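Working through the structure, step by step
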Amino acid sequence: KLSLRDKARVRRQLGSRALQRKDYAKAQAEFEKLIQMNPNDPGVLVEIAELQRRQGQNQKAIATLQQGIATQEKAGTKADEGWYRRALAIAYDSKLPAEVTSTSQALVKAYPNATNWRDVLVIYRDTTRFDDQGNLDILRLMRANGALAGERDYAEYAETASLRGYPGEAKAVIEEGIAKGALKQTTPFVKEVLAAVNPKIAGDKASLPGLEKEAKAAANGRAALGTADAYLGYGQYAKAAELYKVALAKGSVDAATVNTRLGFALGKSGDKAGGEAALQAVTTPPRDQLAKYYLIWLNNQP
């Protein structure tokens, strides 16, 4: 009589032979019997997921990968980064928006490295319709995670910030890009942006206290939002947070936008609890998903 280990070995051999013949249904059936013998073998679940994918069962494949990840973590071991990335790739290639959301969040929660953050946020941006303001908030989050990569990212960010009237932010991004070797001081584009923003910065900064006073006396929150955005661009996060709160209190602004930026400013100021509360208040699409990514960033802050 065969032991359980011997039976498992036979099932694996049968599954492997079926796989070699490209009989994916047979291979899947054998591996599913194998997982019934040992439900705590995440490696087998990952193999089953790949077989499901080969048969076009993409939602099942993602669910099985997620089961494998959960099984591995339940055993006290972190699941392989490749499993998370595979689940996201299947979801993205299959155009399954709900699964793209769940797998992308799981990836950057488990492995919040720059490459994963860039991939996740680029996918999010490419599948979501955002104006320049929304795109700026995505680029800000990429920068906060060290996920800006190459000349294109830095150039897009700097140009967008410059056009939206944030000269300090544009200059900071250009300087960071040069420091990281993504931009060159001699590039015509870099010279052009710096020539546009450098003359504006001193006057822009000097105007902020007056604008702040006017914003606090205004009938609505629009001036407070604009002034807060300017402070955010200069990295004055506590001051920005103060004025975002004024903007929310006075109204006539998009609360989802303001709360996204308030959460970021508070997080940068070291107020994680306040940042979390602001980001959790963002419940309307498409910024609700962006706020969830900001929350993941926030929870990774020391």
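In case you missed it, the structure is sitting above this.
Computed from a predicted model, the values in this text were never measured in an experiment.

A word on the packing of helix α7 (residues 114-126) against helix α16 (residues 287-299). The geometry of α7 relative to α16 is characterised by a closest axis approach of 12 Å and an angle of 170° between their N-to-C directions. Relative to α16, the element α7 lies roughly antiparallel. Contact residues: Trp117, Val120, Leu121 and Tyr124 in α7; Arg287, Gln289, Leu290, Tyr293, Ile296 and Trp297 in α16. By residue class, the composition of the contact of α7 with α16 is eight nonpolar, one polar and one charged.

To continue, consider the environment of aspartate 137. Along the chain, aspartate 137 turns up in helix α8 (residues 132-144). Counting along the chain gives 108 residues from aspartate 137 to alanine 29, while the straight-line C-alpha distance between them is 47 Å. Excluding residues that lie within four positions of it along the chain, aspartate 137 makes contacts with Arg261, Arg287, Leu290 and Tyr294. For aspartate 137, the side chain forms a polar contact with the side chain of arginine 261, separated by 3.0 Å.

Below, the discussion takes up the nonpolar core. Among the nonpolar cores identified, the biggest contains 79 residues, and Trp117, Leu141, Met142, Tyr244 and Tyr293 are the most heavily contacted of them. Per-element tally for this core: the top contributor is α16, with eight residues. Those residues in contact with leucine 141 that sit more than four places away from it in its chain are Trp117, Leu121, Leu290, Tyr293, Tyr294 and Trp297.

Before going further, it helps to spend a moment on helix α13 (residues 237-250). With 14 residues, α13 extends 20 Å from end C-alpha to end C-alpha; this agrees with the ideal 20 Å at 1.5 Å per step. When we look at burial in α13, the residues that qualify are Ala240, Ala241, Leu243, Tyr244, Val246 and Ala247. Just past α13, the residue glycine 251 takes up positive phi, approximately 80°.

Structurally, glutamate 176 is set in helix α10 (residues 167-179). Glutamate 176 gets classed as buried once you look at its relative accessible area, which sits at 19%.

Tallying each qualifying case throughout the model produces eight aromatic pairs. Taken together, a centroid distance of 6.4 Å and an interplanar angle of 85° make the contact between tyrosine 294 and tryptophan 297 edge-to-face. Here the residue tyrosine 294 and the residue tryptophan 297 both occupy positions in helix α16, the gap between them amounting to three residues, near one helical turn. Given the relative accessible area of 1%, tyrosine 294 is considered buried. Clustering of aromatic rings is evident, with ring pairs tying together Trp117, Tyr124, Phe130 and Tyr293. Residue placement shows lysine 78 over the ring face of tyrosine 111; its charged tip is 4.1 Å from the ring centre.

Rules behind the numbers
- Residues numbered from 1 in each chain as written.
- Predicted model: local features only at pLDDT ≥ 70, side-chain atom pairs only at ≥ 80, totals over all residues.
- Heavy atoms only, no water.
- Axes fitted to C-alpha atoms, helices over the stretch in contact; angles between N-to-C directions.
- Helix = DSSP H or I, 4+ residues; strand = E, 2+ residues; numbered from the N terminus.
- Parallel < 35°, antiparallel > 145°, perpendicular 65-115°, else oblique.
- Contact = heavy atoms within 4.5 Å.
- Nonpolar A, V, L, I, M, F, W, Y, C, P; charged D, E, K, R; others polar.
- Polar contact = N/O pair within 3.5 Å; in protein donor to acceptor, adjacent residues only side chain to side chain.
- Core = buried A, V, L, I, M, F, W, Y, C linked by side-chain atoms within 4.5 Å.
- Buried < 20%, exposed > 50% of the residue type's maximum accessible area, 1.4 Å probe, protein only.
- Expected span 1.5 Å × (residues − 1).
- Phe/Tyr/Trp six-rings, centres within 6.5 Å; stacked < 30°, edge-to-face > 60°.
- Lys NZ or Arg CZ within 6 Å of the ring centre and 35° of its normal.

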